[in-house]
Amino acid sequence: KNVHILNSPVLLSLLGRLCRPDTIQPQVNLLTHMLYSHLFLEVINHEIDQVEVSFKTRMAAAHPDKANCKGAYLNRNSRVVSVALARAGILPSQTCYENSNYLFNPDNVRQDHFYISRTVNSNGQVTGSDITGSKIGGGIKDCYVLLPDPMAATGSTIVEVLNHYKKNLEGPAKKFIAIHLIITPEYIRHVTKEHPD
């Protein structure tokens, strides 16, 4: 129930272009930005709390009794953390961070940074991940923590980052949301086993 795989022809077409061997800079960054802008909106639409809002629009000057707008809006006071995972996750995180500042109070939005690398055994097989440095701007209590990382292969990176947040920072987070372009069955099994939330 916590795994959502999108079936979007638009996103799949953009991802297909990104994955082609003849796609080079600046198209790589542009396509990554476009993909994560779309994925960010999907996540926000489905995962962030909404509040009922009612207000007068600018047409109230001419139509004071009819110029009302009301409905379910994003809670502008939601707290959002976008996590930059050094390697491929920096640009996706920056995209989510910048877009968050438009939708939410910028005082409640921050970007955390991790330098994390895979650990391998003598045969070159991935055995886990190692956080070698980080810059974290505070606790995660009641925060939506976004983890945009394009390639979710083994799950070791996300598991290590989640372990770090849960064990070392004031919480709990409202939600941890990993956002990927490509995932493997191994990744799903590993992450859902270690962090079913």
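Predicted model, so just to flag it, every value in this text is computed and none were measured.

Novice: Can you lay out the sheet that holds strand β4 (residues 109-120) for me, pointing to particular residues and giving the numbers?
Specialist: Spatial ordering of the open sheet is given by β5-β4-β3-β6-β8, a layout of five strands whose pairing is mixed. Of all the strands in the sheet, just β5 (126-135) and β8 (175-179) have a single pairing partner and so form its edges. Put simply, the sheet's adjacent strands are angled 30° from each other on average, direction ignored. Bridge analysis of strand β3 (residues 79-86) against strand β6 (residues 143-148) gives four bridges, and the strand direction is parallel.

Novice: Quick rundown of the packing of aromatic side chains? Include the residues and the values.
Specialist: Applying the stated criterion across every chain yields a total of three aromatic pairs. Pairing Phe-55 with Tyr-73 gives two aromatic rings, centres 5.9 Å apart and planes at 70°, and the pair type is edge-to-face. Of the two residues, Phe-55 is situated in strand β1 (residues 50-56) and Tyr-73 in strand β2 (residues 68-74); the sequence distance between them amounts to 18 residues. Exposure remark for Tyr-73: the relative accessible area of 31% places this residue in the partly exposed category. Here the aromatic rings of Tyr-165 and Phe-176 are separated by 6.2 Å at their centres, their planes lie at 45°, and the arrangement is tilted. With Tyr-165 in helix α4 (residues 156-168) and Phe-176 in strand β8, this pair connects stretches of sequence that are 11 residues apart. An identical accessibility class is assigned to Tyr-165 and Phe-176; each is buried.

Cut-off values and rules
Residues numbered from 1 in each chain as written. Predicted model: local features only at pLDDT ≥ 70, side-chain atom pairs only at ≥ 80, totals over all residues. Heavy atoms only, no water. Pairing = 2+ DSSP bridges. Helix = DSSP H or I, 4+ residues; strand = E, 2+ residues; numbered from the N terminus. Axes fitted to C-alpha atoms, helices over the stretch in contact; angles between N-to-C directions. Phe/Tyr/Trp six-rings, centres within 6.5 Å; stacked < 30°, edge-to-face > 60°. Buried < 20%, exposed > 50% of the residue type's maximum accessible area, 1.4 Å probe, protein only.

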